[in-house]
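# Descriptive analysis of the structure
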Amino acid sequence: MRAFPAPRRPTVNRQPDQLFAQPLDQVPDFVFNEDVARVFPDMIKRSVPGYPTIVENIGVLAGQFAQPNSLLYDLGSSLGAVTQALRRHVQVEGCRVIAVDNSVAMVERCREYLHAQDAMFQELLPVEVIEADILAMQWQPASLVAMNFTLQFIAPENRLELLSRIHRTLLPGGALILSEKLRFEDQQQHALLTDLHVAFKRANGYSELEIAQKRSAIENVMLPDSLEQHRERLLAAGFSNVVPWFQCLNFASLVALP
Ligand SMILES: Nc1ncnc2c1ncn2[C@@H]1O[C@H](C[S@+](CC[C@H]([NH3+])C(=O)[O-])CC(=O)[O-])[C@@H](O)[C@H]1O
Ligand SMILES: O=C(O)C(=O)Cc1ccccc1
């Protein structure tokens, strides 16, 4: 008998995303379940142009906004990629990271990844991973809120209220970092960037079938807004300035100042 049980899975996840590789009679709506959580690092890197750059730089940007003895929120944290970047880059006295996700599968694995990060580095910011709906949670004053590709999964009628709550929770001098897939109001622009995004997925090894089935899985659950809609809604939520800092094809990231 072994003295210690073998780990359930390797710490570094290299499982390829083949979730939509076989033809499905009916493509179900996309959900963040165990199957998705298992392949998520591969899926998001091959699907979102600029994702690794955005994640790493959220850590760098956060270093400019984090204030001593305050909270940093990672909303819709999935496996905690942004939380890990925050912990690598922010070395400010008394800061704490709160990662929130409502998918049990994501939260379980996120905790494992963060334990692995704890084992590898010293003096990382303390972190708490909370399984909760970001529409129903209690807020505490924060100097940074990151929402990396999460708002697009929130029902459109709830988006303004959520951003208003985030605005109220932010300390002066803090920031919201909001990354989203974009829709374009100009039809030609929208078609061009959509085609270029399909080319990006193809170049990353997805077949036409995988691309088509994934599109139909997400079309009712992931509803992107235009940059103009984001800007207007952030201003309506109380933010004083909205600064795009990254765009790659139809994916962008903004800094919103309270
Ligand atoms: N109401 C909600 N409450 C809490 N979590 C939610 C809610 N709705 C969706 N989520 C969670 O938001 C995450 C969106 S993925 C974020 C990537 C990550 N930020 C990353 O930088 O790797 C984006 C994507 O897959 O395109 C999922 O884990 C959902 O469970
Ligand atoms: O926009 C797309 O085509 C995507 O595939 C984005 C995405 C990435 C990861 C999970 C869900 C949606």
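Just so it is clear, the structure is predicted and the values come from calculations on it, not from any experiment. (Residues numbered from 1 in each chain as written. Chains lettered and ligands numbered in written order. Predicted model: local features only at pLDDT ≥ 70, side-chain atom pairs only at ≥ 80, totals over all residues. Heavy atoms only, no water.)

If you walk through the whole model with that rule in mind, you get 11 salt bridges. Ionic pairing is found between Arg109 and Glu34, a salt bridge with its closest N-O pair at 2.9 Å. Pair noted here: Arg109 is in helix H4 (residues 104–120) and Glu34 is in helix H1 (residues 34–47), with a separation of 75 residues, a long-range link. Here Arg109 falls in the buried class, since its relative accessible area comes to 5%. By relative accessible area, Glu34 is classed as partly exposed at 31%. A salt bridge links Asp225 to Arg233; its shortest N-O distance comes to 2.7 Å. With a relative accessible area of 7%, Asp225 lands in the buried category. For Arg233, a relative accessible area of 13% translates into the label buried. One connected set of salt bridges, linked through shared partners, spans Arg159, Asp225 and Arg233. (Salt bridge = Lys/Arg side-chain N within 4 Å of Asp/Glu carboxyl O. Helix = DSSP H or I, 4+ residues; strand = E, 2+ residues; numbered from the N terminus. Buried < 20%, exposed > 50% of the residue type's maximum accessible area, 1.4 Å probe, protein only.)

As a further point, take the side chain of His197. Within the fold, His197 resides in helix H6 (residues 187–203). When its relative accessible area of 7% is taken as the criterion, His197 is described as buried. Not counting the four nearest positions on each side in its chain, His197 is found in contact with Ser47, Pro49, Lys181, Leu249, Asn250 and Phe251. (Contact = heavy atoms within 4.5 Å.)

Let us now look at the UniProt feature "domain: Methyltransferase" (unreviewed entry) in the chain. As annotated in UniProt, the feature "domain: Methyltransferase" (unreviewed entry) corresponds to residues 74–174 in the numbering used here. With 40% helix and 25% strand, the stretch residues 74–174 has end C-alpha atoms that lie 14 Å from each other. (UniProt positions renumbered as here; feature names shortened; annotations may be inferred.)

This part takes up empty space enclosed by the protein. Scanning all chains against the criterion turns up 1 cavity of 30 Å³ or more. Looking at the largest cavity, its volume works out to about 60 Å³. Around the largest cavity, the lining residues are Asp17, Phe20, Ser47, Lys201, Tyr206, Glu210, Ile211 and Lys214. When its residues are assigned to classes, the lining of the largest cavity shows 3 nonpolar, 1 polar and 4 charged. (1 Å grid on protein atoms, 1.4 Å probe; cavity = no way out; pocket = protein on both sides within 12 Å on 5 of 7 lines; lining within 4 Å. Points joined across faces, edges and corners; volume = space filled by probe spheres on them. Nonpolar A, V, L, I, M, F, W, Y, C, P; charged D, E, K, R; others polar.)

On to the site of ligand 2, then. Contacts to ligand 2 come from Phe30, Met43, Ser47, Phe153, Lys181, His197, Lys201, Lys214, Ile218, Met222 and Phe251. Residue Lys181 places a side-chain N or O atom 2.7 Å away from an oxygen atom belonging to ligand 2. Lys201 is positioned such that a nitrogen or oxygen atom in its side chain is 2.7 Å from an oxygen atom of ligand 2. For ligand 2, the protein covers 95% of the area, taking 320 Å² as the surface of the free molecule. Elements supplying a minimum of two residues to the shell around ligand 2: H1, H6 and helix H7 (208–218). A per-class count over the shell around ligand 2 returns 6 nonpolar, 2 polar and 3 charged. (Near = heavy atom within 4 Å. Polar contact = N/O pair within 3.5 Å; in protein donor to acceptor, adjacent residues only side chain to side chain. Areas by Shrake-Rupley, 256 points an atom, 1.4 Å probe, with all protein chains shown as cover.)

Computed from the structure, the second largest pocket encloses a volume of approximately 390 Å³. Along its surface, the second largest pocket is lined by 16 residues, and Lys181, Thr194, His197, Arg215 and Ile218 are the ones closest to its centre. Only strand S5 (170–183), H6 and H7 provide two or more residues apiece to the lining of the second largest pocket. In terms of residues, the lining of the second largest pocket owes the most to one element, H6, which gives 6 residues. Partitioning the lining of the second largest pocket into residue classes produces 6 nonpolar, 4 polar and 6 charged.

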